[in-house]
Every structure is written in structure tokens, then in C-alpha cells.
Amino acid sequence: MLLRYMPLTFKSDIVRLRYLSFVFSLLLVTLSAAFYGLKNFNYGIDFKGGIMIEVRSKNPIPLATVRSYLSKLNIGDVTVQEFGSANDLLIKFEQPENGLEGKDLVVKKISDTFKDQFEIRRTETVGPKQGKELIQNGILAILYGLLAILVYIWFRFEWQFGLCAVIALLENALVVFGYYSIFQVEFNTTAIVAVLTTIGYTINDTVVIYDRIRENLRKYKRKPIPDLINLSINETLSRTLMTSGTTLVALFSLYFFGGEVIASYSLPIIVGVIIGTYSSIFIAGPLLLNFNLRLLQKEEDTP
């Protein structure tokens, strides 16, 4: 019912607020960078190294119960997650200081705690060197993703659009990283997935706005560029808000009802979608005013 009262076209003067938006975005990025410098990330076992045990239970055991038992063993930072099915679990913990002997002792503790409930299927060691490689590969994945988006937008529109889109997406990624640093949420491989997911989602909204700007460049030959960008953003605003709103409904459902593991994955995506919606509206479009779109408008005039 509420969607029936959503206006098809808004009349907000978004372009007039661009300097305020730019300052706000700069503050967000600066805050994220400052907390990273002060706290760094709370790296998970995937990145700082540790032991991974794959176990299979005869009957599904709630993850909260497994975590509760493991926390009593005093084996350090432990994470538990389902692996394929409710009967298969991955247990990860930090590398013990006394090396292989300590690892065998921890495995024995886990085996004795759950006795016949678990079958230990495999045990793997993730070294610090492998963790550094994962960090490097994750950063490269994000940079390659941004580069691919830059090239795509460049060919589909013009280089100005591609550059502005990447700036907005880069802000999005840095704010999500800042979330991990400020709240010291465990930073593991799912963090990289969360950043790439939000980047992919945000570029969809940005492309819709850019497509309307290009369409209006052909349609309104004499309209001033600021008014044209403002009109284009307002014409697509209802679509952007409804898309983001329905996406957030699904993500909040996962956060509240999906369990601890899914909640820790969905929350950074919620942050990314909110920031991505903001940046696609208030940053990606108004940022084009710093480039000479008048030349593109004249090119559209030529037969």
C-alpha cells in the first residue's frame, strides 16, 4: 500500500546540496581511514593463520551450543560455521603457541568434549603467509572489480561517467572497510565478498541514473547542465528508493532471523547498501558537474 503513495517524480534540489554531500563523504572516508590507522582490522583466522577442523555430526547441533562448549575449552578465538549442511561444521581456532603439539592437544580436547557426536573428517593449518596472500588477493579482487567497472562505464557512456562512478564506489568500499575497523567486527574472507557485493549493487543504481542523464542530454538541448542532472536524479529517485528499500527488507530479515553467521555477513552489506544508495544519488550524479558535460550535450546536437 505504501508504494502507491510513492511519487513517480521528486522535485528535490539535490545538486544544490552537492558540496555538503562531498564534505560529508570526505568525513566518512577520513573517519574510516583514521580508525584503520588506530585500530587496524580484527583479522579472522583466514587472514592471521590458525587451524581449521571439518567435522560431521550424527544429528544437527545448534551452532550456539557448539560455540558455548568450545568457549569453555580455553583454546582462544574460535569460529564455527555450517559447511554445506547442518550436519557439517567448520571449526576454526588460532594456531597454538606450542605448534604441532598444541594443535593435537586442541583437537583432542574438541574430540573428548563432543565424544561420539562428531566425526573429525579433516584438519588443515592456515599459516600467516597464506593469510597475507589472501589479503593481497582480496585487495586485488576489489581493485580489478573497480577497474572493470571503470572500463565498462567508459565504453557505455563516457570517461567522465566512469571516473565519477569509480569515485563513488571507492567511497562505498572504504566506508564498509571503516565499519569493520570502527566496530572491530572480525575481518575474514566474507568481508571481501561483502564489499564486492555492495559494489556490484551500487553500480546498478548508478548506471540507471547515468542512463537517464544521457537520455536527457539528447532530449533537452538547451537545459543547463545542473538542472538536467538534478532532473535526471529526481526522475529515477523513486526507482532507486524502492529498489534499496526492498533489498534492505530482505537483508534485515537475514540479519534478525538468519542466525549468527548470516547476521555477521549481512550487516556489512546493509551498511554498504545504505551508503551505496546515498553515493549513487548525492555523489555519482552531482560529481559530473566538475567535468564539462556541455561538450557531450553539443555532441548530441550534431546529426
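A brief look at the structure comes next. The shown structure was predicted, so the numbers you read here are calculated from the model rather than taken from an experiment. (Residues numbered from 1 in each chain as written. Predicted model: local features only at pLDDT ≥ 70, side-chain atom pairs only at ≥ 80, totals over all residues. Heavy atoms only, no water.)

**Here we look at the nonpolar core**
Just so we agree on the cut-off: Remark: nonpolar core denotes a set of buried residues (Ala, Val, Leu, Ile, Met, Phe, Trp, Tyr, Cys) joined through side-chain atoms within 4.5 Å. Residue exposure (1.4 Å probe, protein chains only): buried if accessible area is under 20% of the type maximum, exposed if over 50%, otherwise partly exposed. A run of H or I in DSSP counts as a helix once it spans at least four residues, and a run of E counts as a strand once it spans at least two, with each numbered from the N terminus. Here, residues are in contact when the closest pair of their heavy atoms is within 4.5 Å.
One finds I153, Y180, F187, I199, Y210 and I213 to be the most contacted residues of the largest nonpolar core, which totals 49 residues. Broken down by secondary-structure element, the contributors of at least two residues to this core are α5 (128-156), α6 (159-182), α7 (189-219), α8 (225-257) and α9 (259-284). When residues in this core are grouped by element, the largest group, 12 residues, is from α7. Leaving out residues up to four positions away in the same chain, F187 has contacts with F41, N42, Y43, G44, F47, F177, Y180 and I192. I51, I61, L70 and I91 belong to the second-largest nonpolar core, a separate cluster that totals 18 residues.

**A look at the environment of F93**
Inspection of the secondary structure puts F93 in strand β4 (residues 85-93). On the basis of relative accessibility, which here comes to 0%, the residue F93 falls in the buried class. Distance in space between the C-alpha atoms of F93 and G44 is 9.2 Å, their sequence separation being 49 residues. The residues touching F93, leaving out its near neighbours within four places in the chain, are I45, G50, I51, I53, I75, D77, V78, V106 and I110.

**Thoughts on the pattern of salt bridges**
Convention followed: Only one rule defines a salt bridge in this text: a Lys or Arg side-chain nitrogen within 4 Å of an Asp or Glu carboxyl oxygen.
One pass over the full model with this rule turns up 6 salt bridges. Between D211 and R156 there is a salt bridge, with the nearest N and O atoms lying 3.9 Å from each other. With D211 in helix α7 and R156 in helix α5, this pair connects stretches of sequence that are 55 residues apart. Between R212 and E235 there is a salt bridge; the shortest N-O distance is 3.0 Å. On the criterion of sequence distance, the pair formed by R212 in helix α7 and E235 in helix α8 is long-range, its members being 23 residues apart. Bridged by salt links that share partners, the residues R156, D211 and R214 form one connected network.

**Focus: the environment of L251**
By the secondary structure assignment, L251 is in helix α8. When its relative accessible area of 9% is taken as the criterion, L251 is described as buried. Look past the residues within four positions of L251 in its chain and what remains in contact with it is S266, I269, I270 and V273.

**Some thoughts on unusual backbone geometry**
Phi is positive for N40, which is not a glycine, with a value near 60°. Following the sequence through the fold, N40 ends up in the loop between α1 (18-39) and β1 (42-43). At Q184, a residue that is not glycine, the phi angle is positive and equals roughly 55°. Of note, Q184 is situated in the loop between α6 and β6 (186-187).

**Details of the side chain of T206**
Considering the arrangement of structural elements, one finds T206 in helix α7. When residues no more than four places from it in sequence are discounted, the contact partners of T206 are A165, S280 and A284.

**Points about the pairing of strand β2 (residues 50-57)**
If a strand is regular, its side chains alternate between the two faces of the sheet. Applicable threshold: In this scheme, strands are said to pair when DSSP sees at least two bridges between them.
Most of β2 is tucked away: 7 of the 8 residues are buried. As defined by bridge partners, β2 adjoins β4 across 6 bridges and the pair is classed as antiparallel. Paired with M52 across the two strands is K92, which belongs to β4.

Geometric descriptors of this kind do not, in isolation, establish any biological role.
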